[in-house]
Structure formats: structure tokens, C-alpha cells
Amino acid sequence: MVQDFVREYAKKIANYPEAIEIKLENLEDNTCEITILADPQDVGRLIGRDGKMVGSLKTFISGLKAKDGKNYKIAIQAH
């Protein structure tokens, strides 16, 4: 569910939505790391000016902690 939302959110922002991939990795302490793999030209767009785009995504996802009890980390990488 979370990875589907992140994928669709990233595709709406990216210039090359077909290059968007999402990796979900379970870490210790009930934490999941979501990695957004994007075209190198889209990495800046996904991060946003002063990190505002990725910050808004983190804020939204932090609300899911109340629902499923997991912590989420988000990373953006070029591939």
C-alpha cells in the first residue's frame, strides 16, 4: 500500500515516470526503508527546493505510523 502510493506520487512529479522504481526493505526495530529509484534528471525534482517535496512525502507517510505501527525512511537514488 505505501509503496504503491509512493510510486504514484513520484510518477506524477517526474519527467520520466517510466523510470520510477520503488524498493521496500524491512530493517530492524519495525522500520521500513523506501528507496525511490529515478532517472538522474528527476532526482532533483523529487527532492524539491530545500527538500520540500520529499519532506511533504515524509510527513504524509509518518501518518501511517499511527495505522500500522511501522517507521518509514525514504531515500531517493538515481539509477
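Residues numbered from 1 in each chain as written. Predicted model: local features only at pLDDT ≥ 70, side-chain atom pairs only at ≥ 80, totals over all residues. Heavy atoms only, no water.

1. Thoughts on the environment of Lys-70
Inference 1: Within the secondary structure layout, Lys-70 lies in the loop between helix H4 (64–68) and strand E3 (71–78).
Inference 2: The exposure class assigned to Lys-70 is partly exposed, which follows from its relative accessible area of 29%.
Inference 3: Linking Lys-70 and Asp-29, residues 41 residues apart in sequence, is a C-alpha distance of 8.7 Å.
Inference 4: If near-sequence neighbours (up to four positions away) are discounted, Lys-70 is found in contact with Asn-26, Asn-30, Cys-32 and Lys-65. (Helix = DSSP H or I, 4+ residues; strand = E, 2+ residues; numbered from the N terminus. Buried < 20%, exposed > 50% of the residue type's maximum accessible area, 1.4 Å probe, protein only. Contact = heavy atoms within 4.5 Å.)

2. Structural notes on the side chain of Asp-42
Inference 1: In this structure, Asp-42 sits in the loop between strand E2 (31–38) and helix H2 (43–47).
Inference 2: Arg-45 provides the closest opposite charge to the buried, salt-bridge-free Asp-42, at an N-O distance of 4.5 Å.
Inference 3: Here Tyr-16 takes part through its backbone nitrogen, which lies 2.9 Å from a polar atom of the side chain of Asp-42. (Lys, Arg positive; Asp, Glu negative; His and termini not counted. Salt bridge = Lys/Arg side-chain N within 4 Å of Asp/Glu carboxyl O. Polar contact = N/O pair within 3.5 Å; in protein donor to acceptor, adjacent residues only side chain to side chain.)

3. A closer look at the packing of aromatic side chains
Inference 1: If you walk through the whole model with that rule in mind, you get two aromatic pairs.
Inference 2: Every member of this aromatic cluster is reached through a ring pair, and the members are Phe-5, Tyr-9 and Phe-60. (Phe/Tyr/Trp six-rings, centres within 6.5 Å; stacked < 30°, edge-to-face > 60°.)

Treat this as a map of the structure, not an account of what it does.
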